Amino acid sequence: MDGVRVGKRLIGTQAPVTVGWENIPKVEGGPVKQFVFTWFQPTVLFALIAFWYYAPNSIAKASTAIGIGIGFRVLLLALEWVNPRYESWRLTWKELVTDLFYVGLGYTILNLVDQYIGSDAVIEALQHAFDWDKLAWFVGLPLLLQAFLISFIFDFGQYWMHRGMHNWYPLWLPHSVHHYITQLNINKGAVGNPVELFLIGLGIGGFFDFLPRAALLAGAIGMAVSTYQHINVRFNTPRWWRFLFNTTEHHSVHHSQDFEATRSNYSGTYIFIDRIFGTCIDGEAELLGMEGGRRMSIREQMTFPFTEGWKTIKEKYGRERYARAETVPAE
Amino acid sequence: MNARFIEWIWHIKGSLPLAPGQSSDDAFHRLAPLFQEAGTNYSQQDDTLSFSKKDQAAQDKMSVFDAGVLQIERSGSGPVLHYHLVSRALLFCFLAPLLFLGFAQLTVFLGDLEKPSTEAATEKPDKKKASVLPQHPIDKALGAPAPELPKKDAADDEGKKPSPTSAYVFAAIFAVLYSVGRVLEAGLIKSVFRKKLQGSQAHEPVPG
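Residues numbered from 1 in each chain as written. Chains lettered and ligands numbered in written order. Predicted model: local features only at pLDDT ≥ 70, side-chain atom pairs only at ≥ 80, totals over all residues.

What follows is about the overall build of chain B. Along its length, chain B carries seven helices and five strands. Mapped from its N terminus to its C terminus, chain B presents α and β elements in the order α-β-α-β-β-β-β-α-α-α-α-α. A buried classification covers 23% of the 208 residues belonging to chain B. For chain B, restricting intrachain contacts to residue pairs at least 6 apart in sequence, the fraction spanning at least 24 positions comes to 61%. (Helix = DSSP H or I, 4+ residues; strand = E, 2+ residues; numbered from the N terminus. Buried ≥ 20, exposed ≤ 12 C-beta atoms within 10 Å, placed from the backbone. Contact = placed C-beta atoms within 7 Å.)

Okay, structure coming up:
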């Protein structure tokens, strides 16, 4: 394949990638459908911001956020059914069960482990060890600014961790298995090795003192944007949204089978971070995965980073059991 | 003998009548496209076709099944296709609620272990936080609720003790998914086989 030149790179030489917003198809259907799928994303975002800004203190809690999150996911699953992006990404029973297994791990055992070794635990330990106080001046800022800063600081860290995962082998190992997904569905964000999920969850936000409501707002903004990364729905996303935020299109390019295309669009929420650092590709792809689209079982997802790492170590540092001279061809 | 009583959990068996006089070769020829998918090995001998799958694609129509045997039996009432399919996905979905119940018990156990240490730790937070959290004038002007410190008891409970609720919820989700899947997948595969066997004459190349 010829590929398309984006910056200094050729994108789409190994697998088809559509580059450029002008080449992305629009939602097909009547005026009502068009209206709904054009305004859905901004409406949800502003509705959530308004909700968390004005909600009484009695309901401004984490449990409300979890409830909203679950309800939102169910709604999006219904949207996938009604307006799928690609038939080849259709959610089957087996895919749903597999995805929910990973989601379930995240809500249960991984949550448990995270309390002991996660970001918050680490930060608390550091603060106790060095007698720091949190950065208290943060708390006096306007609420929306606090929320944006929390969300941006986290995404900035995420961007570099993710970029590191695609550039440094030890970080690539736990992340590689996530890239074996061959389709995007709402719960596919959870598919992957737990080690990676722990790494992605690391953030320095805990060093700042902020209003609890600002954290909930930041979480809501993150959810209202990054949920669409792995989703089998086509929206007529407004241009300003695509400029600022990561979209399904951006993330599909990141997951494509084309190697160069995967080295792009690393951010979780704010695609303008990728624009700043030159790693943004505006476009979309349908053919996703690794090794030509081989589906990886749950068992292999859990063991692959370790087995591959072991193989690499053996190759690099191991010696042949019977060390021998370079083999010489017969002819 | 014992295995037969629980085999139905992840083995799907069924049968479909073939068109009268249809040869085994013809029937398997119509079904062949189903087995020509990535990760699928199959072999056909006379009236029997057996297959196995590894890392089968998500959109493979038979992705739920990992192995199976299809056999055509000829009796007085006409040729019948008997299929016996094995699905690890169904087995694991059946066992998943047990796994999540295990996680729930682990969560409760760890919560109980932690209890003595949290009781000692509750003394500290009282002194550090101010009684009133600041609110920026813009937020006040826009009518946002004044920030409040979370109630002490709520903070201690929510923050410290992990809850097993999510594990129970997922156990229930998988139980429901299994019940749906066991019925759905059995029905789906029967209808897939039926459609392939009846397939339109125009699309099928006539075997030379």
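From this point, the discussion proceeds with the structure in view.
Scanning chain A for helices and strands turns up 14 helices and four strands. Over its C-alpha atoms chain A spans a radius of gyration of 22 Å, differing by no more than 12% from the 20 Å that the globule rule assigns to 331 residues. Projected onto the principal axes, the alpha-carbon positions of chain A cover approximately 80 × 60 × 40 Å. Across the 331 residues that make up chain A, the buried fraction comes to 37%. Of the contacts made within chain A by residues no fewer than 6 positions apart, 76% connect residues no fewer than 24 positions apart. (Rg over C-alpha atoms; globule rule 2.2 N^0.38 Å.)

Let us now look at the packing of helix α2 (residues 24–35) of chain B against helix α7 (residues 165–198) of chain B. All names here are of chain B. It is the contact of α2 with α7, at a shortest axis distance of 8 Å, that shows an interaxial angle of 125°. With respect to their mutual orientation, α2 and α7 come out oblique. Considering the relative orientation of α2 and α7, their crossing is right-handed. Contact with α2, carried on its side by A27, R30, L31 and L34, involves F193, K196 and L197 of α7 and no other residues of that element. Along the lines of polarity and charge, the residues of the contact of α2 with α7 split into five nonpolar, no polar and two charged. (Axes fitted to C-alpha atoms, helices over the stretch in contact; angles between N-to-C directions. Parallel < 35°, antiparallel > 145°, perpendicular 65-115°, else oblique. Left-handed = near helix turned anticlockwise from the far one by under 90°. Nonpolar A, V, L, I, M, F, W, Y, C, P; charged D, E, K, R; others polar.)

Take the domain arrangement of chain B next. Residues and elements named next belong to chain B. One can read the domain layout of chain B as domain 1 (2–91 + 182–198) and domain 2 (92–172). Contacts between the two partners involve six residues from domain 1, matched on the other side by four residues from domain 2. Here the residues of the side of domain 1 that touches domain 2 sort into five nonpolar, no polar and one charged. (Domains from an automatic or database assignment.)

Further remarks concern unusual backbone geometry. Located in the positive-phi region is N265 of chain A, a residue other than glycine, with phi close to 50°. Mapped onto the elements of the fold, N265 of chain A is located in the loop between α12 (259–262) and α13 (271–277).

Once that is clear, we can look at the nonpolar core. Core analysis: the biggest nonpolar cluster contains 87 residues, and L143, A147, A214 and L217 of chain A together with C93, F100 and F174 of chain B have the highest contact counts within it. Taken together, domain 1 (2–91 + 182–198) and domain 2 (92–172) of chain B each give at least three residues to this core, which thus spans both. Sequence-distant contacts of L143 of chain A, defined by excluding residues within four places in its chain, comprise Y53, L211, R213, A214 and L217 of chain A together with H136, D139 and A144 of chain B. (Core = buried A, V, L, I, M, F, W, Y, C linked by C-beta atoms within 7 Å.)

The next point concerns the environment of Y270 of chain A. All names here are of chain A. The topology assignment puts Y270 in the loop between α12 and α13. The class for Y270 is buried, based on 23 C-beta atoms found within 10 Å. Aside from chain neighbours lying at most four places away, what touches Y270 is F152, D155, L244 and F245.

All right, on to the sheet that holds strand β1 (residues 11–17) of chain B then. Residue and element names in this part refer to chain B. Spatially, β1-β5-β4-β3-β2 is the arrangement adopted by the five strands of the open sheet, whose pairing is antiparallel. Looking at the sheet topology across the chains shown, the edges are occupied by β1 and β2 (40–45). Within the sheet, the average angular offset between the axes of one strand and its neighbour, ignoring direction, is 15°. Examined bridge by bridge, strand β4 (residues 67–75) and strand β5 (residues 78–86) share nine bridges and lie antiparallel to one another. When the sheet's bridge partners are listed, S75 is paired in β5 with G78. Sitting on the sheet, α2 is in contact with β2, β3 (48–53), β4 and β5, with an inclination near 175° to β2. The strands that α7 touches are β1 and β5; relative to β1, the one it contacts most, it runs at about 30°. (Pairing = 2+ DSSP bridges.)

What follows covers the interface of chain B and chain A. By convention, interface size is frequently given as the accessible area that disappears when the constituent parts associate. At the junction of the two partners, chain B supplies 35 residues and chain A supplies 35 residues. Looking at the side of chain B that touches chain A, the elements that each hand over two or more residues are α3 (88–121), α5 (137–142) and α7 of chain B. With eight residues, α7 of chain B is the single largest residue contributor to the side of chain B that touches chain A. Of the residues that constitute the side of chain B that touches chain A, the class distribution is 22 nonpolar, eight polar and five charged.

All names here are of chain A. Summarising the element assignment, G189 is placed in the loop between α7 (169–176) and α8 (194–200). The spacing of G189 and Y228 is 39 residues in sequence and 9.8 Å in space, taken between C-alpha atoms. With residues near it in sequence (within four places) discarded, G189 still touches Q229 and H230.

All right, on to the pairing of β2 of chain B then. Residue and element names in this part refer to chain B. Among the six residues that make up β2, zero are buried, leaving the element largely open to the surroundings. Here β2 runs beside β3; their pairing, made up of six bridges, is antiparallel. Following the sheet pairing, Y42 is matched in β3 by F51. Hairpin connection of β2 to β3: two residues between the antiparallel strands, including D46 at a positive phi of 50°.

Structurally, T48 of chain B can be placed in strand β3. Ignoring sequence-local partners within four residues, the contact set of T48 of chain B consists of V69 and Q71 of chain B.

Another point: the pairing of β4 of chain B. Residue and element names in this part refer to chain B. Across five bridges, β3 lies against β4 in antiparallel orientation. Bridged to S52 within β4 is A67. Count of turn residues in the β4/β5 antiparallel hairpin: two residues.

Glancing now at the packing of helix α3 (residues 93–107) of chain A against helix α4 (residues 109–117) of chain A. All names here are of chain A. Between α3 and α4, the least distance of the axes is 3 Å, while the angle of their chain directions is 35°. On α4, the residues that touch L105, G106 and Y107 of α3 are I109, L110 and N111. Among the residues forming the contact of α3 with α4, the class breakdown is four nonpolar, two polar and no charged.

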